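# What the coordinates show
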Amino acid sequence: MPVSAAALRGLCADEMARNPRGFGSAAWLHEAYLAVPREHFVPDRVWWPAPGEDGRYNLIDRTVRPRAWLKAVYKPGAPLITQLDDGRVPPAGPATGAFTSSISSSGVVVELLRHLAPRPGDRVLEIGTGTGYTTALLAARVGAENVVTVEIDPTLAARATERLAELGVHPLVITGDGEVGHAEGGPYDRIVATASVRRIPPAWLDQLAAGGVLVVPVDSPFAYDLLARLEGDGAGAAAGSFVAQVTFMRVRGQREPVPHTDLGWPAALDPTAWAELTVVAGPMGQRVHPPTPVVP
Ligand SMILES: C[S@@+](CC[C@H](N)C(=O)[O-])C[C@H]1O[C@@H](n2cnc3c(N)ncnc32)[C@H](O)[C@@H]1O
């Protein structure tokens, strides 16, 4: 019997409602997740993110295996790879290459948006439109007229704009380098990046309203990125902490590795204590601070 997208979406939502990293008390997010058809944003051909035995990523083709494709779309922890090597690898079969765009997994999108906690009417800047799926969830919460989303890849930006419009969702989609943000639309109450950074771009801090929230995956000295949640002071600085371990593709301009000590990280850190670190960023640069030792 064919399984409907809505039924799979409901099952996926149920699983995320049970997960401590899921919707939490954000009822709006649960509702938005059920309302936005994730499958509408997923290309017909995507690569599965874990390599097969031959080291290549398998292609899931909706036109050949519609059921497997739909199940992959609604697997809570699975991102689906929509672009390899900045689009130089055609989605024609199993392939290798660097992941350069994806539809983030349902679980990661929900975690990002739970920490972002946008409120109705908030001005929101998203960096990394990708398929437009996260944009649609944001628009469901704050209103599409309040969302600016920036995608560096023109083909992806055009496709996302089209997919969103087909659902009657019309945010401002900017094709360009999101590291410069979009000053004309700011200041923003919420800024979220769906690609990770080594250094938080100063433009994001400048464009964040006083008391505004920035949620961004940051490269760490550990084997994963850390999701930072910072609050802005309205004058180009922000402070906060790390709220989750995540894995993201890097923004294009920050792919080259940089020693972590040059990025404001302390030299020796206990990886199990990542949640106790604090982070500040602003005109003076970016600094990660270990917890202050408790004096007995
Ligand atoms: C993980 S994907 C975004 C996933 C998206 N949230 C979704 O669910 O479809 C990251 C995106 O960031 C884009 N990107 C990378 N560097 C960028 C930059 N400097 N400015 C804007 N977008 C960038 C990539 O092209 C890619 O589409």
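In this convention, every chain numbers its residues from 1, walking through the sequence in written order. Residues qualify for local features only when their pLDDT is at least 70, as the model is predicted, and side-chain atom pairs are given and counted only at 80 or more; totals for whole chains, interfaces and linings, by contrast, use all residues. To obtain the side-chain values, all non-hydrogen atoms of the structure were included, while hydrogens and water were left out.

### So, the site of the ligand
For clarity, the cut-off: Any residue with a heavy atom lying within 4 Å of a molecule or strand is counted as near it. Any N or O atom pair separated by 3.5 Å or less is treated as a polar contact, with the protein-specific requirement of one donor-capable and one acceptor-capable atom, and with residues adjacent in sequence counted only for side-chain atom pairs. Reported accessibility uses the Shrake-Rupley method at a 1.4 Å probe radius. Residues are deemed covered only where the shown protein chains occlude them. A 1.4 Å probe that fits into a set of points on a 1 Å grid over the protein atoms alone but cannot get out defines a cavity; an open set with protein on both sides within 12 Å along at least five of seven lines defines a pocket, and lining residues are those with an atom within 4 Å of a point. Any molecule with more than half of its atoms within 2 Å of a cavity's or pocket's grid points is regarded as sitting in that cavity or pocket. Think of it this way: any DSSP run of H or I at least four residues long counts as a helix, any run of E at least two long counts as a strand, and we number them from the N terminus. Polar here means any residue other than Ala, Val, Leu, Ile, Met, Phe, Trp, Tyr, Cys and Pro, which are nonpolar, and Asp, Glu, Lys and Arg, which are charged; Gly is therefore polar.
Surrounding the ligand, one finds 24 residues, the nearest of these being Ser 101, Thr 131, Glu 151, Asp 177 and Gly 178. Between an oxygen atom of the ligand and a main-chain N or O atom of Ser 104, the distance comes to 3.4 Å. The fraction of the free accessible surface of the ligand (600 Å²) that becomes covered by protein chains is 99%. Taken atom by atom, the bulk of the ligand overlaps the largest pocket. Looking at the shell around the ligand, the elements that each hand over two or more residues are strand E4 (99–103), strand E5 (124–127) and strand E6 (147–151). Of all the elements, E4 adds the most residues to the shell around the ligand, at four residues. When grouped by side-chain class, the residues that make up the shell around the ligand number seven nonpolar, 13 polar and four charged.

### Here's the deal with the domain arrangement of the chain
To keep things clear, this is the line we draw: For the purposes of this description, domain bounds are those given by an automatic or database domain assignment. Contacts are residue-level and defined by heavy atoms, with any inter-residue pair within 4.5 Å sufficient. Take the accessible area each of two parts loses on contact, using a 1.4 Å probe, and add the two losses: that sum is the buried area.
Here the domain parsing of the chain yields domain 1 (5–103) and domain 2 (106–289). On a C-alpha basis, the centroid separation for the pair domain 1 and domain 2 is 21 Å. Taken residue by residue, the interface counts 28 residues in domain 1 and 28 residues in domain 2. In this assembly, domain 1 packs against domain 2 so that about 2,500 Å² is buried in total across both faces, 62% of it on carbon and sulfur atoms. Its largest share of buried area at the contact with domain 2, domain 1 owes to Arg 21, Trp 28 and Phe 41, together 31% of the area lost on that side.

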